[in-house]
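# Structural description and commentary
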Amino acid sequence: MRVGLIDLGDKLPNLALMKISSFHKAQGDVVLLHDFTPSQVDKVYISVVFTKHRKQAEKLLQIYPDAIVGGSGWDTTSRLPLEIESCRPDYDLYTVDFVASRLKGRTKGRREKAQRIVDSGLGRSSRGCGRSCAFCLVPRVEGSLQQATRIEDLLNPRSKTLTLLDNNLCMDPLALEKLAFCRDNGIILNLTQGLDVRALTDDLVQGLSEVRHFGNIHFAWDQAPQERMVFEGIKRLSRWIKPYNQTCFVLTGFKPSSFEEDEMRVRKLHE
């Protein structure tokens, strides 16, 4: 059987499609990513990570009416079957050229960055989150924080870089143990989901400072009433990690926050 995979995501490889690829290759199937026509495949999977890609998926369903569509941007209740979820990711699915074509910004260094992404391990050591933020799907989709996979089982044999998809590493009771493992084994962490700066402790910050990072440490200030906790966390983080190695995202336009409160958060962060 020939299986076609369509990734309607952004720059990072799609973990679900990588597991689907591993499953089908183990059955002796041929797996194709994007570069195929309807006559070349017997089965198609479409992954929709963000709702902004729903219309694109709907158009693809006109071409592949029997396609299996999943992902949080399509159906928050969709899950991989257990026999696929338990598979290791297929780290040969994505090519450097494919990932480089999705990277935005300057072309200089794009291929090197794509190579690093392709060679990186990918996965979650924990699922869910201990928070219940109104704007976030995670508690509804994954529930409360729970352990998932050991760090050592997420690594790609091609590199020491690990893209960690944990939703809230700072609230993970095993966070210090995981950071120590990364430090002792020379693992370079790419924390894509950011840090819960409100939950930072001195021990966590020290643990983070002892690990090499791929890119900046980033976190968020989502709502005005969180100001005290956020700024205490930034102060604590800055004792160990230089401010120029930090990035703060600001959620705007989400009620009950007003435009003035959104602007205030941006201004205070600049100050």
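One can find the structure itself at the top, above this paragraph.
Below is a short write-up of the structure.

Cut-offs and rules
- Residues numbered from 1 in each chain as written.
- Predicted model: local features only at pLDDT ≥ 70, side-chain atom pairs only at ≥ 80, totals over all residues.
- Heavy atoms only, no water.
- Core = buried A, V, L, I, M, F, W, Y, C linked by side-chain atoms within 4.5 Å.
- Buried < 20%, exposed > 50% of the residue type's maximum accessible area, 1.4 Å probe, protein only.
- Helix = DSSP H or I, 4+ residues; strand = E, 2+ residues; numbered from the N terminus.
- Contact = heavy atoms within 4.5 Å.
- Pairing = 2+ DSSP bridges.
- Axes fitted to C-alpha atoms, helices over the stretch in contact; angles between N-to-C directions.

This part is about the nonpolar core. For soluble globular proteins, the rule of thumb is that nonpolar side chains tend to be buried together. Residues Leu 189 and Leu 200 are the most contacted members of the largest nonpolar core, which totals 29 residues. Of all the secondary-structure elements, those providing two or more residues to this core are strand E8 (161–164), helix H7 (175–184), strand E9 (188–191), helix H8 (202–209), strand E11 (217–221) and helix H9 (227–238). When sequence neighbours within four positions are dropped, the list of residues in contact with Leu 200 reads Cys 170, Val 205, Leu 208, Gly 233, Arg 236 and Leu 237. Counting residues in hydrophobic clusters, the runner-up holds 27 residues, among them Met 18, Val 31, Leu 93 and Tyr 94.

What follows concerns the sheet that holds strand E3 (residues 43–48). Sheet strands associate in pairs through backbone hydrogen bonding, adopting either a parallel or an antiparallel arrangement. The strand order across the open sheet built from four strands is E2-E1-E3-E4, with neighbouring strands paired in parallel fashion. Only two strands of the sheet have a single partner each, and these edge strands are strand E2 (30–33) and strand E4 (68–70). Each adjacent strand pair in this sheet contributes to an overall mean axis angle of 20 degrees, direction not counted. Of the pairings in the sheet, the one linking strand E1 (residues 2–8) to E3 comprises six bridges and is parallel in character. Looking across to E3, one finds that Ile 6 is bridged to Ile 46. Contacts between helix H1 (residues 15–26) and the sheet are confined to E1, E2 and E3, with E1 contributing the most and set at about 175 degrees to the helix.

Take the sheet that holds strand E5 (residues 121–123) next. Here we have four strands laid out as an open sheet, ordered E5-E8-E9-E10, and parallel in their pairing. Strands at the two margins of the open sheet, each flanked by one partner only, are E5 and strand E10 (212–213). Of the strand pairs in this sheet, E9 and E10 are connected by two bridges, and their pairing is parallel. In the strand pairing of E10, Leu 189 is matched with His 213.

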